[in-house]
Amino acid sequence: MPKQYSPTESESRWYEFWETSGFFAASEEPGDTRQTYTLAIPPPNVTGSLHMGHACRTTFEDVLCRHKRMQGYNTLWVPGIDHAGIATQVVVERQLKQEGLTRYDLGREKFIERVWQWKEESGERILQQLRKMGASCDWPRTKFTMDPEMVRAVREAFVRLYEEGLIYRDTRLVNWDVESQTVLSDLEVEQEENVEGAMFDFAYSLADGGGEVVVSTTRPETMLGDTAVAIHPDDGRYRHLHGKYVRHPFVDRLIPVILDAELVDPEFGTGVVKVTPAHDPNDFATGKRHGLEEINIFNLDGTMNESSGPFQGLDRFDARKAVEIELGNLGLARGSKKHMMTLPRSQRSGTIVEPMISTQWFVKMKPLAAPAIEAVQDGTIQILPPEWSKTYFHWLRNIQDWCISRQLWWGHPIPAWYCEDCEHVTVSREDATACGGCGGPSIRQDDDVLDTWFSSGLWPFSTLGWPEKTVALERFYPTQDMETGYDILFFWVARMIMMGLHFMGEVPFTRVLLAGLVTDERGEKMSKVKGNVVDPLDVIYGATNEQLVAKAEKAGAKNSGIKYLKSTYPDGFAAYGADALRMTLLSYSPQSRRIALSIKRIEGYRNFANKLWNASRYALMRLGGSSTKASQQCPQPKALANRWVLSRLYHALDVAASGLDAYRLDEASGALYHFVWDEFCDWYLELSKPALGSGDATLIEETEATLVHVLETVLRALHPMMPHITEEIWQRVPKWDEAPKSIMISRFPTGLVDAKLDRAAERDFEVVQAFVGSVRTIRAEHDVPRTQAMRIHWHTNDEDKHRVLDAERRTIEALGRCELCFEADPAKLDDPNAHFKNAAVFVNPGIRAAVPDVIDTEKERDRLQRNLKKVEKELGVLEKKLGNPSFVERAPEAVVDKSRRDSLELREKRERLEAALNSL
RNA sequence: GGGCGGGUAGCUCAGCGGUAGAGCGCUGGCUUUACACGCCGGAUGUCGCAGGUUCGACCCCUGUCCCGCCCA
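Residues numbered from 1 in each chain as written. Chains lettered and ligands numbered in written order. Predicted model: local features only at pLDDT ≥ 70, side-chain atom pairs only at ≥ 80, totals over all residues. Heavy atoms only, no water.

Caption draft 1: Representation of the overall build of chain A. Within chain A, the regular secondary structure consists of 30 helices and 29 strands. Taken along its principal axes, the extent of the C-alpha atoms in chain A is 120 × 70 × 60 Å. At a minimum sequence separation of 6, the contacts of chain A that also span at least 24 residues come to 76%. Taking the average location of the 113 positive side-chain charges in chain A and that of its 136 negative ones, the two points are 4 Å from each other. (Helix = DSSP H or I, 4+ residues; strand = E, 2+ residues; numbered from the N terminus. Contact = heavy atoms within 4.5 Å. Lys, Arg positive; Asp, Glu negative; His and termini not counted. Charge placed at Lys NZ, Arg CZ, Asp CG, Glu CD.)

Now the structure itself:
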């Protein structure tokens, strides 16, 4: 084994081994009675390339699946990809643009062909990339949301909802994305806050010539669609306007003054409001109340249409300027001032969304939401971290109907046909050939497609074969866990719950695990423009700074982004490996909404992988000449170090098990990390050296058995988190006969079921650790060279401690590079003519020791004073507490007792330290 | 306007009613035959601010100020 672990080659080798061995496959065998564990992947977009978000999802999910698989569950992790309507269409349109074409040049059919072609090229790429992370998906079951079975499921769902009256068509004010030229659901519109805009005032002249009214607006161009001017019915200032009309200055139209208490806040602005029913939600509602005409003034691309008179053809923002100028020319402008406002933007294109009146398909949500609320309320579905349930409830309780039609070409066509001879709309599972109403042949399918999230909502059961009653559906639905980012709680999770309950009559999963979003190490969102995108593959395989910069430049990063990249990662990334990246991502608390990924941290876990590698190298070397193998039984050693390390191992396994169960993967991975590094490597391996070199056959045998047992066990415990390196090592560990051929199909180690904590061993070993620690501190602080042995005179009245120090004398001497001499007469420890000659002293609980002939007086004084200060501070706190009668009375006895004991110990320590200080 | 989350060591973050923790960074020493991607030491915090509850508060409550996100 080389000195350094290099993940690159090893990871792909083992991954291939697992995949070709069929270890990822879930079983549909009729005789298989194992409990199932199912998790459906949040399908990445077909156009996507692996980013940290995917890496994070994949890691968490893979840990859950591998853990369950090792626990003996029939585990199914369903992989798949999403057709991602808008996103994909935009990508392909961009490609076309480079060829100087638009989708209209190709026509719908050719365009869709082109997208499929692109899908074939790029669709598999993201799945290949997930494999690089170690994802143990059941690949042959991969589903694409536009696969024929998925199409069938989508149609079935649509038709059923339509038949149940839950899908309907309606004309209302919708969110229009003028760039993508499609309607958006409310969720796809993001509000950009605190944008500086202008509030523009202008006057409408009264039609009867009797003066004017002044209105304010941030969108002057919309006045071209004004069909009313509203005032508050109780506003005395405008009583004279009741029943009057104003004249539109640009289009030939008389506009009524209406009274509306709901729309108008008399305190705001002039107290007169212009009303544009076709382009503002509040005005739309007002229009409905008053039966106002709705005049659409925009074309679908955001330019002004024929209703906008002289402004026709202008872009909406140019029209704004033009309207202001013209109003000025007519002497109607009344000035403008700065105004902070909120702008609705398309999540996809970023363009400002235009409210427009349009006929679209909607899903009635209230009836679907009610059971979804209940399922979380009654605990059928558990959301973790639990705070998110509040957000979930709030959204579902205030839910609006969902606009599901999109004016795109790429997506599931809406299975509705319009008849040219009658009004009937035919909605059908099969492609319709005749009108379902009049039977006439002149029908035309709806041009629109469905919102991507409509098919995603069916994911947990459509992927298992629904609406067919398949074995998979029967066996694996409902799934157990749904792991995803909180950003799609509404988009996806809530909708899956609603759809699952509606179509399957059962929740789609029983736990929702929400993780934070990965950001850069400053906590800023990763973005191509900022140049702070960390590509998981670069982290896994390594990249030079030049490569990172080149990539960022190609992706369109700004100069500041490039600068950041150059200064933050001047040396680029080493090939840290997937396991290191996985551990890093796992180490962040899922409670946190932000995972500020730090490369230094990845490096730390790369180092951990190397540590594990070398610890194993050591263990395997030591075992080389012996016939000891890892066994399935826990050894029963006698030596303290062996007993101790087993106890600590099982303690760590226990923490890991609860962490895995509670979705605290940070705690689980942390427990194993610290066990391996701080206890197994730093203490146990060092302890094993003198033991294995002792010549004591019994000791050697039990130490070998313990060593290999701990290693083999901790590898299995780490496997879900670091699958590759654990396999690489595990394969080399000598094991029991008929051991499985891969660690991934071995059993996950259980904690305290297998072994009890050995409290006595832990307590005794703490004495050893403290003693060795004190010796090392003295050596370090007094610059005693490592080669110089230190003689240590010690004393204790405590029988237990005496026993331990006697028994572990060799260990301590080896670890501390010292020589221990018990001194029966404690007075000699203070006697400058005996042991206390140029001596350093230390005081551990119940134990005192003097180390003669080593000190530098100044340093020792300094050190003692530092210690003394600490002791006094602690003692002060304790004595204040104990001096408080109500503490002694009211605090639990154990707490009071402990304080008493600690205080006694500290007093003794203070006394010794003072004595030592005085004798310097 | 409403809601949620956060403010703990230089940085990124855990933690929790009983004397403050990790990783990185900083610092001193070490070619210790598993590992310098290492080993052994050391330093570092009025736990945002102000009240309150409690024998005891970083932790619970109230108010307040910042930061972020979501919804309207």
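Caption draft 2: Quick look at the nonpolar core. Counting residues in hydrophobic clusters, the biggest one holds 216 residues, and the most contacted among them are F454 and F680. Tallying contributions element by element places helix α21 (residues 665-692) first for this core, with 13 residues. Once residues within four sequence positions are removed from consideration, F680 is found in contact with A615, V645, F675, L685, L707, V710 and L711. Judged by nonpolar contacts, the second largest core, of 36 residues, contains W176, I231, V272 and A322. (Core = buried A, V, L, I, M, F, W, Y, C linked by side-chain atoms within 4.5 Å. Buried < 20%, exposed > 50% of the residue type's maximum accessible area, 1.4 Å probe, protein only.)

Caption draft 3: Representation of the sheet that holds strand β18 (residues 416-419) within the structure. Pairing is antiparallel across the open sheet formed by three strands, whose spatial order is β19-β18-β20. Both edges of this open sheet fall to β19 (425-427) and β20 (443-445), since each of them pairs with a single strand only. Geometrically, the sheet is characterised by an average inter-axis angle of 30° between neighbouring strands, direction not taken into account. Of the strand pairs in this sheet, β18 and β19 are connected by three bridges, and their pairing is antiparallel. (Pairing = 2+ DSSP bridges. Axes fitted to C-alpha atoms, helices over the stretch in contact; angles between N-to-C directions.)

Caption draft 4: Region of interest: the pairing of strand β26 (residues 790-796). The element β26 is largely enclosed, with a buried count of six among its seven residues. As paired strands, β26 and strand β29 (residues 847-851) are joined by four bridges and run antiparallel to one another. Opposite H795, over in β29, you have R848 as the bridge partner.

Caption draft 5: A look at the pattern of salt bridges. Enumeration according to the criterion identifies 53 salt bridges in this entry. Ionic pairing is found between E188 and R406, a salt bridge with its closest N-O pair at 2.6 Å. With E188 in the loop between β6 (182-184) and β7 (189-206) and R406 in strand β17 (residues 405-406), this pair connects stretches of sequence that are 218 residues apart. With a relative accessible area of 7%, E188 lands in the buried category. E294 serves as the salt-bridge partner of K288, at 3.2 Å between the closest nitrogen and oxygen. With a relative accessible area of 52%, K288 lands in the exposed category. Each of R219, E221, R316, R320 and E354 takes part in a single network of salt bridges with overlapping partners. (Salt bridge = Lys/Arg side-chain N within 4 Å of Asp/Glu carboxyl O.)

Caption draft 6: Main features of helix α26 (residues 809-816). Looking at α26, one finds that the buried residues are T811, I812, E813, L815 and G816. Of the surrounding secondary structure, the elements contacted by the buried residues of α26 are α21, α24 (759-781), α25 (799-807) and β27 (818-822). Just downstream of α26 lies R817, where phi reads positive at about 50°.

Caption draft 7: The arrangement of helix α20 (residues 640-661) in detail. Over its 22 residues, α20 runs 32 Å from end to end, which matches the ideal 32 Å to within 8%, given 1.5 Å per residue. Positioned one or two residues after α20, Y663 has a phi angle of 60°, which is positive. (Expected span 1.5 Å × (residues − 1).)

Caption draft 8: Seen up close, the protein's contact with RNA strand B. The local shell around RNA strand B holds 46 residues, among which Q4, R593, R617, R786 and R890 are the closest. The sugar-phosphate backbone supplies 62% of the atoms of RNA strand B found within 4 Å of the protein. A distance of 2.6 Å separates a phosphate oxygen of RNA strand B from a polar atom in the side chain of R890. Counting residues per element, the ones that place at least two in the surface near RNA strand B are β25 (594-596), α19 (599-623), α21, α24, α28 (857-883) and α29 (885-890). It is α19 that contributes the most residues to the surface near RNA strand B, twelve residues altogether. For the surface near RNA strand B, the class distribution of residues is twelve nonpolar, eleven polar and 23 charged. (Near = heavy atom within 4 Å. Polar contact = N/O pair within 3.5 Å; in protein donor to acceptor, adjacent residues only side chain to side chain. Nonpolar A, V, L, I, M, F, W, Y, C, P; charged D, E, K, R; others polar.)

Caption draft 9: Representation of the side chain of E11 in the model. One can find E11 in helix α1 (residues 7-21). Look at E11: it is buried, it has no salt bridge, and the nearest opposite charge is R582 at 7.8 Å. Beyond its immediate stretch of four places on either side in the chain, E11 contacts Y5, I540, G577, A578, D579 and H724.

Caption draft 10: Quick look at the packing of aromatic side chains. Under the definition given, this model contains 37 aromatic pairs. On the numbers, 5.4 Å between centres and 80° between planes, the contact of Y104 with W409 is edge-to-face. Of this pair, Y104 sits in helix α4 (residues 103-106) while W409 is found in the loop between β17 and β18, placing the two residues 305 residues apart along the sequence. Residue classification places Y104 among the exposed positions, given a relative accessible area of 52%. Aromatic pair F608 and W677: ring centres 6.3 Å apart, planes at 20°, arrangement stacked. (Phe/Tyr/Trp six-rings, centres within 6.5 Å; stacked < 30°, edge-to-face > 60°.)

Caption draft 11: Representation of the sheet that holds strand β14 (residues 354-363) within the structure. Across the sheet, which stays open at both edges, the four strands sit in the order β6-β5-β14-β16 with antiparallel pairing between neighbours. In the strand order of this sheet, the two ends are held by β6 and β16 (402-403), each with one partner. Sheet topology note: the strand β5 (residues 167-177)/β14 ladder contains ten bridges and is antiparallel. Looking at β14, one finds that I167 is bridged to V363.

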